[in-house]
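# Fold and contact review
The primary structure of each chain is shown beneath.
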Amino acid sequence: MLKQIVQYGTELKPFHQAARIRMSNYVSIFTVFIALSYSLLYLLVLGKPLVGIINLTFTFAYTIGPWLMKYNRIYLAKNWFFGVLLLHLWVTTNVYVDNQSGMHLYYYLVPTGVFLLFDTAQIKTKALHSITAIALFLYCENVPNPQPLIVLDDAMNHAIYQSVVLFTMVEVIIVLVLFSRQSRVYENQLSIYETTDMLTGCTNKQYFLIESAKLFNDARKAHRPLSLMVVLISESQQMIKNYGHQITEQYTRHVADKLKSLVGEGMLLARVSDRGFALVMPETTMVEGNHLQDRIQNIFADDVMSVAQLKVQAPIHTGISAMLSDADDVEELYHRAELDMLKQQPEHKPAETVVDKLVTT
């Protein structure tokens, strides 16, 4: 149940917005827990039913925030939470008890909270809540409450003061932990975007160029074999004319999935152009690479993708090259692999070439 509440409002939101929404829901849940704890203190320990009922009303008010999140009233939900919090702390310090209890110290959390939970562009809203919290803190600190509903002795005031400090520290720690965790997730997500082709799930061209150069240099230094294969879906423009972009992209994913199932450990597969793939194969000789090339050609020779009552198939061209000497470099391997592909199809030159796409950054 709590996991579901935490996800309220995050559906179809960009990652950075979803992270703030989840954190807001976490803070709302924790604040409900704190407010409920104080309500039980007023009812069961101090024997003040009126104060307990008023505090339970505020506890219920905090639960409205996640409910508003559920219906995508994100901005309203965050403003509602901080509005209730500001009022609640004022009532607590100036109606329930006096400032000796330290309840107004919770205002310390407001500036940090608004800057963490509101979006970066909502500067005026963050400034408004922060200034209001500072003003109310100064009021509570300097204006005594002559007729509190609960008259506390020094020992109880001290106990409540300690609880305020404790809960404040715990909430700050929780928020920072959540923020740190969301930052790590965000960094991982960015890493995926930077290195992965979103259509096929293969390595993208930029990352492939960097990693393939590393693999090539490692193999050359260790005097170990390395081969490179290019795979091209031919007649892709004709496919677009016949089936449209969506089905053509589905077929591209289909080919990528087939290739991924054939890639061995340590190999690097990338989508390097609209319909072109490249595969670096460390510890693979030309003979071994030819075996894999034959398997790929045999698999796609009769491969047909069924979609929307259509049978989709396109010629798959492959070419392979191997590291020959210290004079080679990884770009030379690309060129020789593509030349090998073109030699195998002399009557038909593909409309787009893998190498031209690869060397264009």
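Residues numbered from 1 in each chain as written. Predicted model: local features only at pLDDT ≥ 70, side-chain atom pairs only at ≥ 80, totals over all residues. Heavy atoms only, no water.

### Some words on the environment of Glu332
Short version of the rule: Secondary structure follows DSSP: runs of H or I at least 4 residues long count as helices, runs of E at least 2 residues long count as strands, and numbering of each begins at the N terminus. For each residue, the accessible area found with a 1.4 Å probe, counting protein chains only, is set against the maximum for its type, and the residue is called buried under 20%, exposed over 50%, and partly exposed in between.
By the element assignment, Glu332 lies in helix H12 (residues 330-344). On the basis of relative accessible area, Glu332 is assigned to the partly exposed category, the value being 34%. Note: C-alpha distance between Glu332 and Ala322 (10 residues apart in sequence) is 9.9 Å.

### Description of the environment of Leu87
Residue position: Leu87 is located in helix H4 (residues 74-96). Distance in space between the C-alpha atoms of Leu87 and Ala127 is 17 Å, their sequence separation being 40 residues.

### Let's talk about the side chain of Thr318
Rules: Here a polar contact is recorded for every N or O atom pair within 3.5 Å, except that within protein the pair must consist of a potential hydrogen donor and a potential acceptor, and residues adjacent in sequence are included only if both atoms are side-chain atoms.
Considering the arrangement of structural elements, one finds Thr318 in strand E6 (residues 316-322). Polar side-chain contacts of Thr318 include one of 3.0 Å to the side chain of Gln293.

### Details of the confidence of the model for the protein chain
To be explicit about the condition: Scored from 0 to 100, pLDDT reflects the predictor's confidence in each residue. Contacts are assigned to residue pairs with any non-hydrogen atoms lying within 4.5 Å of each other.
Chain-level pLDDT for the protein chain is 87 on average; 94% of the residues reach the 70-or-more range. Taking the mean pLDDT of every element in the protein chain, the minimum, 44, falls on helix H13 (residues 354-358) and the maximum, 96, on helix H3 (residues 49-70). With pLDDT under 50 throughout, residues 348-361 is counted as low confidence; its partners more than four residues away or in other chains account for 35 contacts.

### Side note on the side chain of Ser227
Here Ser227 is to be found in strand E1 (residues 226-233). Setting aside its immediate chain neighbours within four residues, Ser227 contacts Leu279, Val280, Met281, Thr284, Thr285, Met286, Ser321 and Ala322.

### Section: the sheet that holds strand E2 (residues 268-271)
The condition that has to hold: Pairs of strands are assigned from DSSP output, requiring at least two bridges between the strands. Helix axes use the C-alpha atoms of the stretch in contact, all axes being lines fitted to C-alpha atoms, and the angles between their N-to-C directions lie in the range 0 to 180 degrees.
Strand order in the open sheet formed by 4 strands is E2-E3-E1-E6, and the pairing between neighbours is antiparallel. What marks the edges here is a single partner per strand, and that holds for E2 and E6. Adjacent strand axes in the sheet meet at a mean angle of 15° when their direction is disregarded. Where E2 meets strand E3 (residues 276-282), 4 bridges bridge the pair, whose relative direction is antiparallel. Paired with Leu269 across the strands is Leu279, a residue of E3. H12 contacts E1 and E6 of the sheet and is inclined by roughly 135° relative to E6.

### Description of the pattern of salt bridges
Definition in use: Salt bridge, as used here, is a side-chain nitrogen of Lys or Arg placed within 4 Å of a carboxyl oxygen of Asp or Glu.
Here the structure, examined in full by the defined rule, presents 6 salt bridges. In this structure, Glu211 and Lys214 form a salt bridge, with 3.4 Å as the shortest nitrogen-oxygen distance. Taken as a pair, Glu211 and Lys214 lie in helix H8 (residues 205-222) at a separation of 3 residues, close to a single helical turn. Salt-bridge contacts for Arg336 lead to Glu332; the nearest nitrogen and oxygen are separated by 3.7 Å.

### Overview of the packing of aromatic side chains
We count it as follows: Each Phe, Tyr or Trp ring (for Trp, its six-membered ring) is paired with any other whose centre lies within 6.5 Å, and the angle between the two planes then decides the class: stacked below 30 degrees, edge-to-face above 60, tilted in between.
In this structure the tally under the stated criterion is 12 aromatic pairs. Here the aromatic rings of Tyr38 and Phe167 are separated by 6.0 Å at their centres, their planes lie at 70°, and the arrangement is edge-to-face. Taken together, the residues Tyr38 in helix H2 (residues 15-45) and Phe167 in helix H7 (residues 154-195) connect sequence positions 129 residues apart. The residues Tyr38 and Phe167 share a single accessibility class, namely buried. By way of ring pairs, the aromatic residues Tyr38, Tyr42, Tyr96, Tyr106 and Phe167 are connected into one cluster.

### Regarding the nonpolar core
We count it as follows: By nonpolar core is meant a set of buried Ala, Val, Leu, Ile, Met, Phe, Trp, Tyr and Cys residues that side-chain atoms within 4.5 Å join together.
Residues Tyr38, Phe82, Met103, Tyr106, Tyr107 and Val110 are the most contacted members of the largest nonpolar core, which totals 43 residues. Contributions of two or more residues to this core are made by H2, H3, H4, helix H5 (109-117), helix H6 (123-142) and H7. Not counting residues up to four positions away in its chain, the partners in contact with Tyr38 are Asn55, Met103, Tyr106, Ile160, Ser163, Val164 and Phe167. Counting residues in each nonpolar core, the second largest holds 24 residues, with Met229, Ile233, Met239 and Tyr251 among its members.

### Some points on a nonpolar patch on the surface
Condition: Patches draw on residues past 30% relative accessible area with no salt bridge. Two like charges within 9 Å are joined, as are two nonpolar side chains (Val, Leu, Ile, Met, Phe, Trp, Tyr) within 5 Å. Here, Shrake-Rupley sampling with a 1.4 Å probe gives the accessible areas, and only protein chains in the shown set may cover a residue.
Taken together, the side chains of Leu36, Leu40, Leu43, Leu44, Val45 and Leu56 make up a nonpolar region of the molecular surface, amounting to roughly 520 Å² of accessible area. Given the relative accessible area of 69%, Leu44 is considered exposed.

### Describing the pairing of E1
Counting buried positions over the 8 residues of E1 gives 8, a clear majority of the element. Going residue by residue along E1, you find Leu226, Leu228, Val230 and Leu232 tucked away on one face and Ser227, Met229, Val231 and Ile233 tucked away on the opposite face as well. Sheet topology places E1 next to E6; 7 bridges connect them, and they run antiparallel. If you follow Val231 over to E6, its bridge partner there is Thr318.

### Observations concerning H3
Let me state the cut-off plainly: A helix is expected to reach a length of 1.5 Å times the quantity of its residues less one.
Its 22 residues give H3 an end-to-end C-alpha distance of 32 Å, which sits within 8% of 32 Å, the value for a rise of 1.5 Å per residue. Among the residues of H3, those classed as buried are Val51, Gly52, Asn55, Phe58, Thr59, Ala61, Tyr62, Gly65, Pro66, Leu68 and Met69. Those residues of H3 that are buried lie in contact with helix H1 (2-6), H2 and H4. Just downstream of H3 lies Asn72, where phi reads positive at about 60°.

### Quick look at H5
Cut-off, in case you're wondering: What the arc describes is the spread of directions from the helix axis to the C-beta atoms.
Three or more residues of H5 are buried, namely Leu109, Val110, Gly113, Val114, Leu116 and Leu117. Buried residues of H5 fall within an arc of 165° about the axis and therefore sit on the same side. Buried residues in H5 make contact with H2, H4, H6 and H7.

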